[in-house]
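Notes for the structure review
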Amino acid sequence: MNFLITGATGLIGRRLVPFLISSGHQIVVLSRRPSVAAQLGDGLRIVGSLDELPKDTPVDVVVHLA
């Protein structure tokens, strides 16, 4: 599945993102601090604004932890 996650650098997000990656999901992280979000692991797409995503980017699930 394709996940869009806000708040990925917080308490829950820091555990959720690696779990989802290891389960084979595609992750887009929306973060005000992309450099911190980059520490969550490889295989992430990190954006600072939804405007940075192409309109045809698939998103199946939105997880809002912010």
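My aim in this report is to walk through the structure given alongside it, one point at a time. Keep in mind that this is a model prediction, so the values were computed, not measured.

A separate point is the sheet that holds strand 3 (residues 44-47). An order of 3-2-1-4 is seen for the 4 strands of this open sheet, with the pairing classed as parallel. Only two strands of the sheet have a single neighbouring strand rather than two, namely strand 3 and strand 4 (61-64). Strand-to-strand twist of the sheet, defined as the mean angle between neighbouring strand axes without regard to direction, takes the value 20°. Pairing analysis gives 4 bridges linking strand 1 (residues 2-6) to strand 4, with the strands arranged parallel. Across the sheet, Ile5 pairs through a bridge with Val63, a residue of strand 4. With respect to the sheet, helix 1 (residues 13-22) is in contact with strand 1, strand 2 (26-30), strand 3 and strand 4, its orientation differing from that of strand 1 by roughly 170°.

Now for the pairing of strand 2. As paired elements, strand 1 and strand 2 share 5 bridges and run parallel to each other. By the bridge assignment for strand 2, Thr6 is matched with Leu30. As paired strands, strand 2 and strand 3 are joined by 4 bridges and run parallel to one another. Along strand 3, the bridge assignment pairs Ile27 with Leu44.

Conventions we followed
- Residues numbered from 1 in each chain as written.
- Predicted model: local features only at pLDDT ≥ 70, side-chain atom pairs only at ≥ 80, totals over all residues.
- Heavy atoms only, no water.
- Pairing = 2+ DSSP bridges.
- Helix = DSSP H or I, 4+ residues; strand = E, 2+ residues; numbered from the N terminus.
- Axes fitted to C-alpha atoms, helices over the stretch in contact; angles between N-to-C directions.
- Contact = heavy atoms within 4.5 Å.

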